[in-house]
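Below, each chain spelled out in residue letters.
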Amino acid sequence: VQLQASGGGLVQPGGSLSLSCVASGSIISINTMRWYRQAPGKQRELVAVIASGGSTDYADSVKGRFTISRDIPKNTVYLQMNSLKFEDTAVYYCNADIRTARFTRGYWGQGTQVTVSS
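Quick look at unusual backbone geometry now. Of note in the backbone geometry, Asn75 takes a positive phi value of approximately 50° without being a glycine. Structurally, Asn75 can be placed in the loop between strand 7 (66–71) and strand 8 (76–81). The class of Asn75 is partly exposed, set by a relative accessible area of 23%. Positive phi values are uncommon outside glycine, yet Ser83 reaches one of about 50°. Note that Ser83 resides in the loop between strand 8 and strand 9 (90–99).

Put into structure tokens, the structure is as follows:
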């Protein structure tokens, strides 16, 4: 099983970016999917969560600006980021609880860089 994240880049403050993360491999089902981020010199933090039923939750710092969504048939999770701020600069990682024939465990994507700069 692999998670492949994409969509990062350089954006000006106030701009928008959309991240996506596709899971592939011998997947039976995917439960909760998440986006984390890690800024230089800081710990990795949870940004957004979406459960298998579609309920979502967000870090206070991104509420009202970021939207997490998923496409179950495509095994894909998205993160729409609007009104970006300098402090959103980080490497963004997707994470998912994936069920295979052997077990259910968490998997991580490789990370995609988001830089907010003028």
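And the narrative resumes.
Once that is clear, we can look at the pairing of strand 7. Side chains Phe66, Ile68 and Arg70 of strand 7 all project onto a buried face; the interleaved residues Thr67, Ser69 and Asp71 project onto a face where none is buried. Two strands pair when backbone bridges link them, and strand 7 and strand 8 are joined in this way by six bridges, in the antiparallel orientation. What sits directly across from Arg70, in strand 8, is Val77. The hairpin turn running from strand 7 into strand 8, its antiparallel successor, is four residues long, and Asn75 in that turn takes a positive phi close to 50°.

One open sheet accounts for four strands, arranged 1-3-8-7; its pairing is antiparallel. Of all strands in the sheet, those bounded by a partner on one side alone are strand 1 (2–6) and strand 7. On average, each strand axis in the sheet is tilted by 15° relative to the strand beside it, whichever way the strands run. Pairing geometry for strand 3 (residues 17–24) and strand 8, over six bridges, is antiparallel. Paired with Leu17 across the two strands is Met81, which belongs to strand 8.

This part is about the nonpolar core. Of all hydrophobic cores here, the largest spans 32 residues; its most connected members are Trp35, Leu79, Met81 and Tyr92. Every element with two or more residues in this core is listed here: strand 1, strand 3, strand 4 (29–38), strand 5 (45–50), strand 7, strand 8, strand 9 and strand 11 (112–116). If you tally residues by element for this core, the top one is strand 9, at five residues. Beyond its immediate chain neighbours, meaning those up to four positions away, Tyr92 contacts Leu19, Trp35, Tyr36, Arg37, Val47, Phe66, Leu79, Met81, Gly111, Thr112 and Val114.

Okay, the pairing of strand 3 next. Of the pairings in the sheet, the one linking strand 1 to strand 3 comprises five bridges and is antiparallel in character. Each residue of the ladder has a partner; that of Leu3, found in strand 3, is Ala23.

What follows covers the state of the cysteines. Under the counting rule described, the total for this entry stands at one disulfide. A sulfur-sulfur separation of 2.0 Å characterises the disulfide bridge that pairs Cys21 with Cys94. Because the sign of the S-S torsion sets the handedness, a value of about 55° for the bond joining Cys21 and Cys94 places this disulfide among the right-handed ones. Of this pair, Cys21 sits in strand 3 while Cys94 is found in strand 9, placing the two residues 73 residues apart along the sequence. Take Cys21 and Cys94: they sit in the same class, and that class is buried.

Each value, and the rule that gives it
Residues numbered from 1 in each chain as written. Predicted model: local features only at pLDDT ≥ 70, side-chain atom pairs only at ≥ 80, totals over all residues. Heavy atoms only, no water. Helix = DSSP H or I, 4+ residues; strand = E, 2+ residues; numbered from the N terminus. Buried < 20%, exposed > 50% of the residue type's maximum accessible area, 1.4 Å probe, protein only. Pairing = 2+ DSSP bridges. Axes fitted to C-alpha atoms, helices over the stretch in contact; angles between N-to-C directions. Core = buried A, V, L, I, M, F, W, Y, C linked by side-chain atoms within 4.5 Å. Contact = heavy atoms within 4.5 Å. Disulfide = S-S within 2.5 Å.

Purely geometric numbers; function is a separate question.
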